[in-house]
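Residues per chain, in single letters:
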Amino acid sequence: MAPTQVVPDPAAQEAGRRALYAMAADECAALSEIFKSDCHLTSVQIVAFPPLGSNAQPANILNATANYELRPMRQQAR
């Protein structure tokens, strides 16, 4: 590799990926409260930029998309 090439840091990407998963899970609590619904995190997609083996810049950028399912809360029987 040439000295000017950017090398993705796998440890930083792993830490970022874990943080994004935690944020996605935490968002369910906020959605549940706002919409008065049961929230289920159905999927999370995380893409790292640049891909390993790429010379593209900038390095160590993660993009996440989360999908949630909201269901009306069940009323407790009286």
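Please read all numbers here as calculations on a predicted model, not as lab measurements.

Asks: Would you mind showing me how to read the overall build of the protein chain here?
Replies: The helix and strand tally for the protein chain stands at 1 helix and 2 strands. For the protein chain, the proportion of its 78 residues judged to be buried stands at 12%. Excluding contacts between residues fewer than 6 apart, the proportion of contacts in the protein chain whose partners are at least 24 apart in sequence is 61%. Put simply, the protein chain shows about 6000 Å² of open surface, and 55% of that area lies on carbon and sulfur atoms.

Asks: I would appreciate a short explanation of a nonpolar patch on the surface in the present structure.
Replies: Side chains of Ile-34, Phe-35 and Leu-70 sit close together on the surface and give an oily, nonpolar patch of about 310 Å² of accessible area. As for its placement among the helices and strands, Ile-34 is situated in helix H1 (residues 10-35). We classify Ile-34 as exposed; its relative accessible area is 61%.

Asks: Help me understand the pattern of salt bridges in this model?
Replies: Pairs can form between side chains of opposite charge whenever their charged atoms are close. The full count for this structure, using the stated rule, is 3 salt bridges. The residue Arg-17 makes a salt bridge to Glu-14 at a minimum N-O spacing of 2.7 Å. Placement of both Arg-17 and Glu-14 in helix H1 is noted, with a separation of 3 residues, approximately one turn of the helix. Under the relative-accessibility criterion, Arg-17 is labelled partly exposed at 27%. Given the relative accessible area of 28%, Glu-14 is considered partly exposed. The residue Glu-69 makes a salt bridge to Arg-71 at a minimum N-O spacing of 2.9 Å. You can call Glu-69 partly exposed: its relative accessible area is 33%. Taking the relative accessible area as the measure of exposure, Arg-71 reaches 40% and is therefore partly exposed. A network of salt bridges, in which partner residues are shared, links Glu-14, Arg-17 and Arg-18.

Asks: Looking at this model, I keep getting lost on H1. Mind explaining?
Replies: For the α-helix, the turn length of 3.6 residues means that residues three or four positions removed from each other point alike. A rise of 1.5 Å per residue sets the reference length of H1, with its 26 residues, at 38 Å; its end C-alpha atoms lie 37 Å apart and thus fit the reference within 8%. When H1 is considered as a whole, its buried residues turn out to be Gln-13, Ala-24, Cys-28, Leu-31 and Ser-32. Contacts made by the buried residues of H1 are with strand S1 (37-49) and strand S2 (61-72). Downstream of H1 by a residue or two, Lys-36 has a phi angle that is positive, lying close to 50 degrees.

Asks: Looking at this model, I keep getting lost on unusual backbone geometry. Mind explaining?
Replies: Leave glycine aside and you will find that most residues have negative phi; peptide bonds, for their part, are mostly trans. We note that Lys-36 has phi near 50 degrees; this positive angle belongs to a residue other than glycine. Mapped onto the fold, Lys-36 is located in the loop between H1 and S1. Lys-36 gets classed as exposed once you look at its relative accessible area, which sits at 58%.

About the criteria used
- Residues numbered from 1 in each chain as written.
- Predicted model: local features only at pLDDT ≥ 70, side-chain atom pairs only at ≥ 80, totals over all residues.
- Heavy atoms only, no water.
- Helix = DSSP H or I, 4+ residues; strand = E, 2+ residues; numbered from the N terminus.
- Buried < 20%, exposed > 50% of the residue type's maximum accessible area, 1.4 Å probe, protein only.
- Contact = heavy atoms within 4.5 Å.
- Areas by Shrake-Rupley, 256 points an atom, 1.4 Å probe, with all protein chains shown as cover.
- Patch = residues over 30% accessible without salt bridge, like charges linked within 9 Å, V, L, I, M, F, W, Y side chains within 5 Å.
- Salt bridge = Lys/Arg side-chain N within 4 Å of Asp/Glu carboxyl O.
- Expected span 1.5 Å × (residues − 1).

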